[in-house]
Number of protein chains: 2
Amino acid sequence: MSTAIEPVDPDVRAHVQSRRDEFLDGLKEWLRIPSISADPAHAGEVAHSAEWLAYRLRAAGFPTVEVWPTAGLPAVYAEWPSGDDGAPTVVLYGHHDVQPVDPVELWDSAPFEPFVRDKGQVYFHLLGMSAHLVTTGRTSPAVNLKLVIEGEEESGSPSFAQLLRERRDRLECDVVVVSDTGVFSRYAISVCVGMRGLMRGEISLRGPGGDLHSGSFGGAVANPTTVLAHLIAALHDDDGHVTLPGFYDDVAPLSDRERELFGALPFDEVTWLRDAQSTATHGEEGFTTLERVWARPTAEVNGIAGGYADSGFKTIVPSQANAKVSFRLVANQTAAAVPAQAAAWLEQRRADGTIPPGIEVELVFEETGVRPCLTPLDHPALQSVTRAMERAFESRVLYTREGGSGPQADLAEILDVPVVFLGVGLPDDRIHAPNEKADVEFLLRGAEAAAYLWSDLAATWDR
Amino acid sequence: MSTAIEPVDPDVRAHVQSRRDEFLDGLKEWLRIPSISADPAHAGEVAHSAEWLAYRLRAAGFPTVEVWPTAGLPAVYAEWPSGDDGAPTVVLYGHHDVQPVDPVELWDSAPFEPFVRDKGQVYFHLLGMSAHLVTTGRTSPAVNLKLVIEGEEESGSPSFAQLLRERRDRLECDVVVVSDTGVFSRYAISVCVGMRGLMRGEISLRGPGGDLHSGSFGGAVANPTTVLAHLIAALHDDDGHVTLPGFYDDVAPLSDRERELFGALPFDEVTWLRDAQSTATHGEEGFTTLERVWARPTAEVNGIAGGYADSGFKTIVPSQANAKVSFRLVANQTAAAVPAQAAAWLEQRRADGTIPPGIEVELVFEETGVRPCLTPLDHPALQSVTRAMERAFESRVLYTREGGSGPQADLAEILDVPVVFLGVGLPDDRIHAPNEKADVEFLLRGAEAAAYLWSDLAATWDR
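Residues numbered from 1 in each chain as written. Chains lettered and ligands numbered in written order. Predicted model: local features only at pLDDT ≥ 70, side-chain atom pairs only at ≥ 80, totals over all residues.

**Q** Please explain the pairing of strand β9 (residues 298-307) of chain A as it appears in this structure.
**A** Strand residues, when the strand is regular, have side chains that alternate between the two faces of the sheet. Burial within β9 of chain A is extensive, with ten of its ten residues counted as buried. Direction of pairing for β9 of chain A relative to strand β11 (residues 320-329) of chain A: antiparallel, over a ladder of eight bridges. Bridge pairing in β11 of chain A links I304 of chain A to A323 of chain A. Bridge count for β9 of chain A against strand β9 (residues 298-307) of chain B is five bridges, and the pairing is antiparallel. Note that in β9 of chain B the partner of A305 of chain A across the bridge is A305 of chain B. (Buried ≥ 20, exposed ≤ 12 C-beta atoms within 10 Å, placed from the backbone. Helix = DSSP H or I, 4+ residues; strand = E, 2+ residues; numbered from the N terminus. Pairing = 2+ DSSP bridges.)

**Q** Explain the interface of chain A and chain B here, please?
**A** Many structure descriptions define interface size as the accessible area lost when the parts assemble. Across the contact, 67 residues belong to chain A and 67 residues belong to chain B. Listed by contribution, the elements that provide at least two residues to the side of chain A that touches chain B are β7 (197-206), β8 (212-213), α6 (214-217), α7 (224-233), α10 (289-294), β9, β10 (316-317) and β11 of chain A. Grouping the constituent residues of the side of chain A that touches chain B by class yields 26 nonpolar, 32 polar and nine charged. (Contact = placed C-beta atoms within 7 Å. Nonpolar A, V, L, I, M, F, W, Y, C, P; charged D, E, K, R; others polar.)

**Q** Quick question: what am I supposed to make of the nonpolar core here?
**A** Nonpolar side chains tend toward joint burial in soluble globular proteins. Counting residues in hydrophobic clusters, the biggest one holds 263 residues, and the most contacted among them are V91 and V176 of chain A together with V91 and V176 of chain B. Contacts of V91 of chain A, omitting those with residues within four sequence positions, involve K146, V148, L171, C173, V176, L411 and L415 of chain A. (Core = buried A, V, L, I, M, F, W, Y, C linked by C-beta atoms within 7 Å.)

**Q** Would you mind going over helix α13 (residues 408-415) of chain A with me for this structure?
**A** Three- or four-residue spacings in an α-helix give side chains the same orientation, since the helix completes a turn every 3.6 residues. Residues and elements named next belong to chain A. In terms of burial, α13 is a largely internal element, six of the eight residues being buried. Within the sequence span of α13, burial applies to Q408, A409, D410, L411, A412 and L415. A positive backbone phi angle near 60° is found at D416, which sits one or two residues after α13.

**Q** Please explain the pairing of strand β5 (residues 175-178) of chain A as it appears in this structure.
**A** Residue and element names in this part refer to chain A. Going residue by residue along β5, you find V175 and V177 tucked away on one face and V176 and V178 tucked away on the opposite face as well. Direction of pairing for strand β3 (residues 89-95) relative to β5: parallel, over a ladder of four bridges. Counted as the bridge partner of V90 is V175 from β5. As paired strands, β5 and strand β15 (residues 419-421) are joined by three bridges and run parallel to one another. Its bridge partner being in β15, V178 is matched across the sheet by F421.

**Q** Help me understand the sheet that holds strand β2 (residues 75-80) of chain A in this model?
**A** Within a sheet, each strand pairs with its neighbour through backbone hydrogen bonds, oriented either parallel or antiparallel. All names here are of chain A. With respect to topology, six strands assemble into an open sheet ordered β1-β2-β4-β3-β5-β15, the strand pairing being mixed. Each of the sheet's edge strands pairs with one partner strand only, and the pair in question is β1 (64-68) and β15. Neighbour-to-neighbour, the strand axes of the sheet open up by a mean angle of 20°, direction not taken into account. Strand direction decides the pairing type here: β3 and strand β4 (residues 144-150), joined by seven bridges, are parallel. If you follow H95 over to β4, its bridge partner there is E150. Across the face of the sheet, helix α3 (residues 43-60) comes into contact with β1, β2 and β4 while running at roughly 175° to β1. (Axes fitted to C-alpha atoms, helices over the stretch in contact; angles between N-to-C directions.)

**Q** What am I meant to see in the relation of the copies chain A and chain B here?
**A** The operation relating the two chain copies consists of a rotation about an axis and a shift along that axis. Rotating chain A by 180° and moving it 0.0 Å along the rotation axis overlays it on chain B with an RMSD of 0.1 Å. The superposition operator between the copies reduces to a two-fold rotation axis. The overlap is high: 100% of the interface residues of chain A also sit at the interface in chain B, so the same surface is used on both sides. (Least-squares fit on C-alpha atoms with pLDDT ≥ 70 in both.)

**Q** Looking at this structure, I do not really get unusual backbone geometry. What am I missing?
**A** Peptide bonds are, in most cases, trans, and in most cases residues other than glycine have a negative phi. Cis geometry is adopted by the peptide bond preceding N332 of chain A, which originates at A331 of chain A and carries an omega value of 5°. Tracing the chain through its elements places N332 of chain A in the loop between β11 and α11 (338-351). With phi around 50°, S157 of chain A is a residue other than glycine that occupies positive phi space. Residue S157 of chain A is classed as buried on the basis of its 24 C-beta neighbours within 10 Å. Even without being a glycine, D416 of chain B presents a positive backbone phi close to 60°. By the element assignment, D416 of chain B lies in the loop between α13 (408-415) and β15 (419-421).

Right, dumping it as structure tokens:
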């Protein structure tokens, strides 16, 4: 990364800019299809969105375009072989569904009107492919390209892993490129190198067989809400470390280089806190805010319930209490390890008296969590993405991660290949909130970066 | 209490037994009026119940009978002066409303059918008065009697304190007799000497301005559900003592005599646990189960809520969390002292870091709680009640308390007199649960005890 940035290819830029209006018109048309995957009433719109995209991909020259049904909403698949011997095969992942737009009244303009949004990160690839072909004089891409554009990402990709398993043969590849992430800021162009994994569970406590009169019984039987509180309080130590035995054993420690690169990002705590709607940061001792959300695992209580907490009072000893807890995981943790660690932790709590006689505790996890993913900084595909982005944005790129979890890790696991991220979302997109927008210029730079990427991958890939 | 039990007055018993059928017919008629105070749809029935009782009181000879309207449901007031110079004045408290009968399908017989219930403890006093007059040859009672029978006890007596203040002049008296409690068991006749007080509050925590994506922000901001758990966990020490500073300062310690009397009760843990629908007792170190529920103050979490705890998962850092907490109080604590103690406790939690930056905590208490009440064992009115009960039941009586809280303490406070309890409810009444019943024989013994009590109070009262 100490070599000079390659100069912009003026032909690529000229081609992309010449198609700006056409690109925007097409994107706006697509955006007006409200493909809200989380709302069953919009299932028809998601199907419409898939057909629209399939039509455009065929028009763009993809020789194979298919709409793939799933147990849920359809995905779009498109394939364009390179024709070159030894060309690497790339699966390009994106999604064509969008978030629900409630509350509509908070949007400055009507939703799905000409605002460029999530779908922009899929759509710029059509322009990128056009630039790649026109400027290289090719009739097919330099890589074997396989697009898979799912329709349920915004509702948690419930059918995606199954789809990948079923279509594994068709999706065989050397690397996955994900276009769904963002840059650190408008002025700090970056490439994402990892996402956190996730394991979600529920802890349920049962005390008395029914709610009891707190006058008649209060003080003489264990209260499940109080015991739950003790358990939650025991989930972290005084330094904010998660207390599950073995939880950190597999955690890839941050290298000095990674910490240095995180530190090079122009992190502004005031801005971060504004986005977090918070007045202070708080977390694991010894780590910065970015390290906490990107590179450290967490145990987060997502909700608690027990007894009567609505308006007024019911003076009861509650019969039951429960909490939802999610664990964010980082490389090289596995979601599958968490349930056993949590069970061992619970045994410790029984042994140390945190769980008194009279309270039954049950701990249930989801069947499969989400794996964390991390691209090593020296990975050749990441070098290609880095060069493509630096060239398109005429700027050194830095490296970020995402704290969230997504189907990207399924791609890595099921297809058994590395995943790299080519994303140009802007942080002021206010992900999943009203007035989401992406800067058109960033989408055009994304198209340029894609054009460079296919050539770079083909030229540098070492089979 | 070492003197011999006075023998039954055969005339009293004969009179009471001779009126058994008449008593039961009247009670059944009254029970069939579903005076459910908690259900606004039954307001008319509560008014009907009040008018019915007023009619019966007039028929029984009370020269003054009034239905007193309140801000809520009506109370019944009746007065019968003794005519004797220097006769003590007694306010007799009871209630004529009943609990909602849901779930109806769990009742072995249709509710309000001829099952003797709560109202029986008011109704036996009419028979008691009749026995008192007939067997003493009097035309008015030996004490100045003032009945006040409220209509909202089962829904928390929301209007009762106000009614007492408004009618304070009419209710001037020397002692209050409450007929609303029970004996320890069918085979261990007892007199209640106290009830716990109550102060209810809510603790509310605010963290981020809205629910946050736990991937993007989890691990780097304080989570209000976790902080609430730490606060709840800090509410008791390892021995189960409440940690509010000064909480125990005014607590009347149990005397050796009181502990001895509690110990004399035939307490059966297996039965108690069955009633508590629990598999184990748990509470403050150094106290028995009865001491814990009758003579020790508590802090009980009645409910918790925060974030998303329903089916499925929402991986959020919740914006808010709250808990309802109620403090049961014993003599000589005051409900008014609790908010300041809790505020001081909260300051300690801020100081010791339990509440991290970024979390706002608000603690709100109800305006007025309920005071605890305790009749000293050597109080003359309690001696009268003891003698009357021992005579009626031909048995030594033991002393109990109630762990609950009720308007009885308002009577003591607003009328500024001692309160004694004359109650014959049986513990297998399963208070507030389906199949509630009271043994008719116990109600008849209650009538006998009332007949003795008025004479005893008049004879022994030292003005």
